[in-house]
Amino acid sequence: MPSRLRWLGHAAMLLETDGQRILIDPFFTGNPAAVMKADEAQADFILVSHGHGDHIGDTIAIAQRTGATVVANYEISEWLAAKGVTKAHGQQHGGGFNHPFGRVKLTLAFHGSMLPDGANGGNPCGFLIYLKDGNKIYHAADTGLFGDMRLIGEEGIDLAVLPIGDNYTMGPDDALRAVKLIGPKKVAPIHFNTWPLIAQDAAAWAARVRKETQAEPIVWKPGDWLEV
Ligand code: NI
Ligand code: MN
């Protein structure tokens, strides 16, 4: 079965690959764009990009209910362990680890990472996910544009997931520049339209991507699936 990715609203996603379910930034409670409730989410692994509430979201409750292993930076993994999450795997930028579903390497992200209780959430990250079927996903999470996206692109990215909401992250213009640096086969936008502050016209952005790059832009809405 091919790997597939479902947008669950805002930055939350579900990746299904090699018979495993990987939730990314599972923010459901208080997320106006969420397509499910926290107690409906199933996961074998949970990836958390940074400490902000719209990303760490319902991680603790879902990890405790499902027994999923949480992958995050070291500081967040220690914070989760102190909150009662029994399986937390800490990594750090540039470091990769071969998880049962594939290899995950943490990438740079220019952003903040304070945890909801004010604790130090280390540095924010994106994820480079090397699937067992050979596909590579770059999930940028919350970040501004940075030139080293070119280095990430050198790995040969099949699918890039990029924020386009502006204000807190890259907006459409910088996200288009990011596509040019990364050179992915497909690109899917996230982190927009959750609130009026990050409202964007994703179809208009996709038209620019189609015109100015080689990438196939995905026009989707929360709840949609995408074959990687
Ligand atoms: Ni954030
Ligand atoms: Mn965010």
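Owing to the predicted nature of the structure, the values given are computational and were not obtained by experimental measurement.

Draft legend 1. Local environment of the overall build of the chain. Looking only at helices and strands, one finds 6 helices and 14 strands in the chain. Expressed as a percentage of its 228 residues, the buried residues of the chain come to 54%. Long-range pairs, those at least 24 residues apart, make up 58% of the contacts in the chain with a sequence separation of at least 6. When the accessible surface of the chain is totalled, it reaches about 9300 Å², and 50% of it is carbon and sulfur.

Draft legend 2. Summary view of the coordination of the nickel ion (ligand 1). Bound to the nickel ion (ligand 1) are the protein donor atoms H50 (NE2), H52 (ND1), H111 (NE2) and D142 (OD), situated 2.1 to 2.4 Å from the metal. Each of the 4 donor atoms bound to the nickel ion (ligand 1) contributes to angles spanning 85 to 175°, and the resulting shape is irregular. Along the chain, the residues donating to the nickel ion (ligand 1) are arranged with the sequence spacing H-x1-H-x58-H-x30-D. Here the manganese ion (ligand 2) and the nickel ion (ligand 1) are spaced 3.1 Å from one another, each receiving a donor from D142. Relative accessible area serves as the criterion here: at 0%, H50 is assigned to the buried category.

Draft legend 3. Structural detail: the coordination of the manganese ion (ligand 2). The manganese ion (ligand 2) binds to the protein through D54 (OD), H55 (NE2), D142 (OD) and H191 (NE2); the donor distances cover 2.1 to 2.3 Å. Since its relative accessible area comes to 15%, D54 is described here as buried. Note on D142: relative accessible area 2%, which makes it buried.

Draft legend 4. Looking closely at unusual backbone geometry. Its identity is not glycine, yet H10 carries a phi of approximately 60°, on the positive side. Structurally, H10 is set in the loop between β1 (4–9) and β2 (12–17). Taking the relative accessible area as the measure of exposure, H10 reaches 0% and is therefore buried. Backbone geometry places H191, a non-glycine residue, at a positive phi of 60°.

Draft legend 5. Region of the structure containing the sheet that holds β2. A sheet is described by the order of its strands in space; here 7 strands give the open sequence β6-β5-β4-β3-β2-β1-β14, paired in mixed fashion. Edge positions in the sheet fall to β6 (88–91) and β14 (225–227), since each of these pairs with one other strand and no more. Neighbour-to-neighbour, the strand axes of the sheet open up by a mean angle of 20°, direction not taken into account. This element, helix α2 (residues 59–66), spans β3 (20–24), β4 (45–47) and β5 (69–73) of the sheet and lies at about 165° to β4. Along the sheet, helix α3 (residues 74–82) contacts β5 and β6; its crossing angle with β5, the most-contacted strand, is approximately 135°.

Draft legend 6. Molecular detail of a nonpolar patch on the surface. A cluster of nonpolar residues, Y168, W195 and L197, forms a patch on the protein surface that exposes about 300 Å² of accessible area. Along the chain, W195 turns up in the loop between β12 (186–190) and α6 (202–212). Assessed through its relative accessible area of 30%, W195 is described here as partly exposed.

The rules we used
- Residues numbered from 1 in each chain as written.
- Chains lettered and ligands numbered in written order.
- Predicted model: local features only at pLDDT ≥ 70, side-chain atom pairs only at ≥ 80, totals over all residues.
- Heavy atoms only, no water.
- Helix = DSSP H or I, 4+ residues; strand = E, 2+ residues; numbered from the N terminus.
- Buried < 20%, exposed > 50% of the residue type's maximum accessible area, 1.4 Å probe, protein only.
- Contact = heavy atoms within 4.5 Å.
- Areas by Shrake-Rupley, 256 points an atom, 1.4 Å probe, with all protein chains shown as cover.
- Donors = N, O, S within 2.8 Å, 3.2 Å for Na, K, Ca; no water.
- Tetrahedral: all angles 85-135°; square planar, octahedral: opposite > 155°, others 65-115°.
- Pairing = 2+ DSSP bridges.
- Axes fitted to C-alpha atoms, helices over the stretch in contact; angles between N-to-C directions.
- Patch = residues over 30% accessible without salt bridge, like charges linked within 9 Å, V, L, I, M, F, W, Y side chains within 5 Å.
- Salt bridge = Lys/Arg side-chain N within 4 Å of Asp/Glu carboxyl O.

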